[in-house]
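Structural features, examined
Spelled out from the first residue to the last, the chains are:
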Amino acid sequence: MATTTVPVAPQPAPAPSPRLAATWETAPGLYGVLATVDHKTIGKRYLWTAFAFFLVAGLEASLIRWQLARPNMHTLSPEQYNQLFTMHGVTMLFFYAAPVLSGFSNFLWPLMIGARDMAYPKVNALSYWLFLFAGVFLYTSVFIGQAPDGGWFGYVPMTGRTYSPGLNIDFYALGLIFIGVSQTVGSVNFITTFFKLRAPGMSLNRLPIILWGTLTTSVVAVFALPALTVACLLLYADRNLHTHFYDAAEGGNPLLWQHLFWMFGHPFVYILVLPTTGIVSDLLPTFVRRPIAGYTYLVLATITTAILGFGVWVHHMFATGLPQLSMNFFSAGSMVITIPSAVSVFAWIATIFYGRPVWKVPFLFVAGFIVVFVLGGVSGVMTASIPFDWQLTDTYFVVAHLHYVLIGMNVFAVFAGLYYWLPKMTGRMLSERLGRWVFGLMFVGFNLGFFPMHISGILGMPRRIYTYPEGTGWDTTNLVTTVGAYLFAVGVLLFLVDYARSRRVGPPAGDNPWDAPTLEWSVSSPPPAYNFAVLPTVRSPYPLWEDRLRERPISALEQGPVLDEGRETLATSGLDGDARAVLRMPEDSLWPFLLALAVLATFYGLVAQNWTVTGIAAALVFATIAGWFWPTRAELEARRSEELVNTEPNSGGEGGSDGRRPAEARS
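Residues numbered from 1 in each chain as written. Predicted model: local features only at pLDDT ≥ 70, side-chain atom pairs only at ≥ 80, totals over all residues. Heavy atoms only, no water.

Overview of the packing of aromatic side chains
Taken as a whole, this structure holds 66 aromatic pairs when the rule is applied. Centre to centre, the rings of F446 and F450 are 4.8 Å apart; their planes meet at 55 degrees, and the pair counts as tilted. Of this pair, F446 and F450 both sit in helix α15 (residues 432–458), 4 residues apart, which is roughly one turn of the helix. With relative accessibility at 12%, the residue F450 sits in the buried group. The cationic tip of R198 hangs over the ring face of F194; the distance from NZ or CZ to the ring centre is 5.8 Å. (Phe/Tyr/Trp six-rings, centres within 6.5 Å; stacked < 30°, edge-to-face > 60°. Helix = DSSP H or I, 4+ residues; strand = E, 2+ residues; numbered from the N terminus. Buried < 20%, exposed > 50% of the residue type's maximum accessible area, 1.4 Å probe, protein only. Lys NZ or Arg CZ within 6 Å of the ring centre and 35° of its normal.)

In structure tokens form, the structure reads like this:
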């Protein structure tokens, strides 16, 4: 029966228990670096690793734009250009845009919901190491001169062995499977955390909207990623095992790749966007000094968008000769998806209209996001129209739309989040003056860079060409695009300067520098290892604004369970957040790092088709999994103690005679 229990009544906690820090602190040295399962450390690692990939992709984009700035440029060869634009696309989408949002969620979720960690801390660490090693695996191809060169979409038959005989596409196919494993385990962790670890009283209608955005995209990822994994496995098999899934001459079908890829690809768009709408919805109340308008409608719009996103993949295939009737259905579905998007936009506008905007840097980026969101959405409706799509398929108009949707919406929300939450992460404020310059350069540069791409596309410029002749009418728009892109890059570099300056001489942030309403601002900046000295009880969506909003009953942030008898946090019910049990959380562990390392070795064996290495590495994968689940001596002793208590005649059933609930072990 139980050895750890939920206190029946709240208890005062005027100061943190000294045992909490000792219990939750990560050990110093190399062991601590490799073994930590602290969600805050993992979240920051996600953020900075994704940002590093963002800079690499930006460097690739700068070379692409230099090549296209003027006609007849030959700085890059066609082969180099193909590799650059493929790596730029893959890196931005799979190694920056999605992981950077995981970074925010990993750092913020337990602080926002009043928990001590994510539901599966070791799985959380595994997700990060897999992400990092997937990037290492993919960029190994660059150092051996065989980077993927078939575009981020990898259309067959161009990516088949006939047209791409090197290892380029093998790195692509296996790299996407690799990063897919990371995203899947991370998504399962988010879903479980959402439903099991919320603070007592934090019912579903009291959650920050970023949690709804990340939950929705996590469910989407679990259902959409298998399509990409299957597509890549079949491609790898066709290239290396003499199968013919995509070979029309042998009875296969090249369109199968496009169906599988876009079954994943279009829902993936919302994986990159919905958490950013959550960031915007959570930042707005702070900077307009009022609750968000239409909370319920925003949540429903988020969920509806994700569901509809599974039914519109064919609008990427209007030019492939599919039956007209089926295309009509998908065209209509693509237009219907604008309705929940419009609901979000009108909720944001209403919040600003009825509020008192404070024009701080995070709010500037939020405003910029709304502008880019509307422009990207409008061009999306245009491409949902079949005749319009036929005219502009595979032109730079599509490139412009893609950058407004996938990059503009993502980047402006991410920078809003960085300026907002970095003080919480580092304890230091960024410069308001430099931040305004960063926003101005990025906003002007982004629109100067990507809006003219619409005109280039309408003028007939095809995408994926490495140079173009004079007299096509594309000269001016391409030059302006390049100038804009470089201006955008200057803004990003200025942000790095601001961040470095902040780390050295930035003013202390204090606990709540923005007078924000949500739970993460109730703890110190940076937060302590254990997050909360006592686990709070929440009674409203804005627990720090309850006095001014005259909310009753009010949240209890200074009183509650201490849980300092080990790494513990509360499990609560899925709907209303009622306390159910105490969860025993795992200690720091090397197993996630070792497992990810074994997976990396397996993928190197597969790309080299060295079946001996693959077999040994696969055996190491199973060995590390076994080691992961092998109980430690402390766990065995704890289980024996629980069994001993359970056998006592007056142990009192599930809740125990003292009204306390049983402990559950987590991995």
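Okay, back to it.
Regarding the side chain of T214
Locating T214 in the fold gives a position in helix α7 (residues 209–240). A polar contact of 3.0 Å, which involves the side chain of T214, links it to the side chain of S105. Residues in contact with T214, not counting those within four places in the same chain, are S105, W109, F190 and P275. (Polar contact = N/O pair within 3.5 Å; in protein donor to acceptor, adjacent residues only side chain to side chain. Contact = heavy atoms within 4.5 Å.)

With respect to helix α5 (residues 121–143)
Taking 1.5 Å per residue as the helical rise, α5 with its 23 residues ought to reach 33 Å, and the 34 Å between its terminal C-alpha atoms agrees with that figure. Within α5, 18 of the 23 residues are buried, which leaves the element mostly enclosed by the surrounding structure. One or two steps after α5, the chain reaches G145, where phi turns positive at roughly 70 degrees. (Expected span 1.5 Å × (residues − 1).)

So, the pattern of salt bridges
Within this structure, the stated rule accounts for 10 salt bridges. Note that E587 is salt-bridged to R567, the shortest N-O span being 3.7 Å. Taken as a pair, E587 in the loop between β2 (579–584) and α18 (591–608) and R567 in the loop between α17 (546–549) and β1 (568–572) lie far apart in primary sequence, 20 residues in all. The buried category is assigned to R567, whose relative accessible area is 5%. Taken together, the salt bridges that share partners define one network made up of R161, D170 and R239. (Salt bridge = Lys/Arg side-chain N within 4 Å of Asp/Glu carboxyl O.)

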